[in-house]
Amino acid sequence: MLCYLNAFVSILLMTFRALPLCVLFPFLFLATYPSAADEKVRWFKGNTHTHSLWSDGNDFPEMIAKFYKDNNYHFLVLSDHNILSRGEKWMNVGAIEKRRRALGVPTLKKYISTFGKDWVELRGEDKKQEVRLRTLEEIRPKFEGGGDFIFIEGEEITNNFRGSPVHTNGMNLKELIVPKKGTSLRDTMRNNIIAVKEQSTRLKKPMLSHLNHPNFGWSIKAEDIAHVLEEKFFEVYNGHPSINHLGDANRPGDEKIWDIANTIRLATLKSDPLYGISSDDSHYYHGGDVKPGRGWVMVQSSSLDEDAIVRSMDSGNFYGSSGVHFKNLFRNQKKGTLEFEIEADNDAEYVTKIIGTRKGNENNPDLVGETLATIKGNMVKYKLKDNEWYFRATVTSSKDHPRPSFNGQKEQAWTQPIWDPSAVNKN
Ligand SMILES: [Zn+2]
Ligand SMILES: [Zn+2]
């Protein structure tokens, strides 16, 4: 009898553990976040691309998470190169200080003064002194639980094809993905997305992969992104200053890459266009060039949990931002309409460019991703015309970006595209 009782209790516990807290104790969450059932949604701010001491970043994950939480982000993906923040990892304190490049307060000193001596685990003396990096599971309780911030586990699957970088972020991963090689650049891109999909299917958990900084090392062309049909997301903005965001005289910048790829997808490949992500790719947290707080996504979701955020992004319910936000955003793919109100920011003025490609112009490089309309002010409305493959909106503020990654950078926002559904072959 006792045995049956034990079994019953453990099944009950397992069931309860598998359920999110908001299902078990809805009354605790109703005040802050509406449940999925009433279909009320909120906007959540997050960064999907961040580096820490677990790879080549120069601060402890807790210090980094504190920056993001203090700056009103709701979620953060610590996406280190080919590693998850798991297992035992010790680092030489001298090597950590070297990464700071003599900027700011010593890293260890700042870490101890922020989290206390008891939290910081040290061993060895002098030049051999080492500090243990806390795992994601260890640091979660310090930040999560208040209902206003979560981590989503991730990795920058860092790969190359014959020296050309192919970096793909895996989001909501539960297992490390060892970079998958390929027989060509496109095959390499594809194999890593397939690896994320495989894990997602096997573990029955929504996961997402996004192609990072295509112009880094001038590695990945718009044509490559277009033809790798498994690719659904790419970074239209990445805050790392060395990723050639604007392109150069002969090579397109990230926005143009998006338009070229989307035009090929719709006009030639009869496939869905790509969604654009904005991210930090932050590495330096003591000053210097590769800092946090430059680009992020705003995700519309009914709740702040990892699966819900990933599902919303997968449905295109998000936009990229480097400072411009929307008060309301209605993007209706079925009706072909986009309507938004830009959130006012003191006396900032806004110009929205509706960008797209008209049918018949797909082979004219000057008219691929042309400006279809320019709208000034805070209210924007546009409907897809019969002769347009797609359109999207880029909003630019008159306000300078407070942490620019390139000269003269203004705050911006990028909506997802609206496209002609009949252009897509669903078979
Ligand atoms: Zn990268
Ligand atoms: Zn990166």
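Residues numbered from 1 in each chain as written. Chains lettered and ligands numbered in written order. Predicted model: local features only at pLDDT ≥ 70, side-chain atom pairs only at ≥ 80, totals over all residues.

*Asks:* Looking at this structure, how should I read the domain arrangement of the chain?
*Replies:* Accessible area lost on assembly of the parts is the figure often given for the size of an interface. Examined at the domain level, the chain breaks down into domain 1 (42–89 + 133–423) and domain 2 (90–132). The C-alpha centroid of domain 2 is placed 32 Å from the C-alpha centroid of domain 1. Taken together, the contacts link 13 residues of domain 1 with 14 residues of domain 2. Residues of the side of domain 1 that touches domain 2, tallied by class, amount to four nonpolar, four polar and five charged. (Domains from an automatic or database assignment. Contact = placed C-beta atoms within 7 Å. Nonpolar A, V, L, I, M, F, W, Y, C, P; charged D, E, K, R; others polar.)

*Asks:* Hey, could you run me through the sheet that holds strand β3 (residues 90–92) in this one?
*Replies:* Strand-to-strand pairing in sheets goes through backbone hydrogen bonds, with the strands running parallel or antiparallel. In spatial order, the strands read β3-β5-β4; together these three strands make up an open sheet with antiparallel pairing. Each having just a single partner strand, β3 and β4 (122–123) make up the two edges of the open sheet. Bridge count for β4 against strand β5 (residues 130–132) is two bridges, and the pairing is antiparallel. The residue of β5 that forms the bridge with Leu122 is Val131. (Pairing = 2+ DSSP bridges. Helix = DSSP H or I, 4+ residues; strand = E, 2+ residues; numbered from the N terminus.)

*Asks:* What is the right way to read the nonpolar core from this model?
*Replies:* A general tendency of soluble globular proteins is for nonpolar side chains to be buried together. Core analysis: the biggest nonpolar cluster contains 77 residues, and Leu76, Ile225, Ala261 and Ile309 have the highest contact counts within it. Per-element tally for this core: the top contributor is helix α10 (residues 254–268), with six residues. In contact with Ile309, not counting residues within four places along its chain, are Phe44, Gly46, Phe75, Ile152, Val299 and Ser301. Counting six residues, the second largest nonpolar core, distinct from the first, contains Leu53, Trp54, Phe60 and Ile96. (Core = buried A, V, L, I, M, F, W, Y, C linked by C-beta atoms within 7 Å. Buried ≥ 20, exposed ≤ 12 C-beta atoms within 10 Å, placed from the backbone.)

*Asks:* Just to check I follow, could you spell out unusual backbone geometry for this structure?
*Replies:* Glycine aside, the phi torsion of most residues is negative, and most peptide linkages are trans. Of note, the phi angle at Trp218 is positive, near 45°, even though the residue is not glycine. Position of Trp218 relative to the elements: it lies in the loop between β9 (208–211) and α9 (222–227). Among the residues examined, Trp218 registers 14 C-beta atoms within 10 Å and is labelled partly exposed.

*Asks:* Teacher, can you tell me more about the packing of helix α4 (residues 61–70) against helix α7 (residues 136–143) here?
*Replies:* Helix-helix packing is characterised by the crossing angle of the two axes and by the distance between the axes. Contact geometry for α4 and α7: axes closest at 10 Å, N-to-C directions at 35°. For the crossing formed where α4 meets α7, the hand is right-handed. Residues Pro61, Glu62, Ala65 and Lys69 of α4 form the contact with α7, whose own contacting residues are Ile139, Lys142 and Phe143. For the contact of α4 with α7, the per-class residue count stands at four nonpolar, no polar and three charged. (Axes fitted to C-alpha atoms, helices over the stretch in contact; angles between N-to-C directions. Left-handed = near helix turned anticlockwise from the far one by under 90°.)

*Asks:* Just to check I follow, could you spell out the packing of α4 against helix α6 (residues 107–115) for this structure?
*Replies:* With their axes 10 Å apart at the nearest point, α4 and α6 run at an angle of 65° to one another. Seen from above, α4 lies across α6 with left-handed handedness. Residue-level inspection shows Glu62, Met63 and Lys66 of α4 in contact with α6, the latter providing Lys110, Tyr111, Thr114 and Phe115.

*Asks:* Please explain the environment of Pro241 as it appears in this structure.
*Replies:* Residue position: Pro241 is located in the loop between β10 (233–238) and α10. When the C-alpha atoms of Pro241 and Arg358 are compared, they prove to be 33 Å apart, with 117 residues separating the residues in sequence. For Pro241, the contacting residues outside a window of four places in its chain are Asp289, Val290, Ser405 and Phe406.

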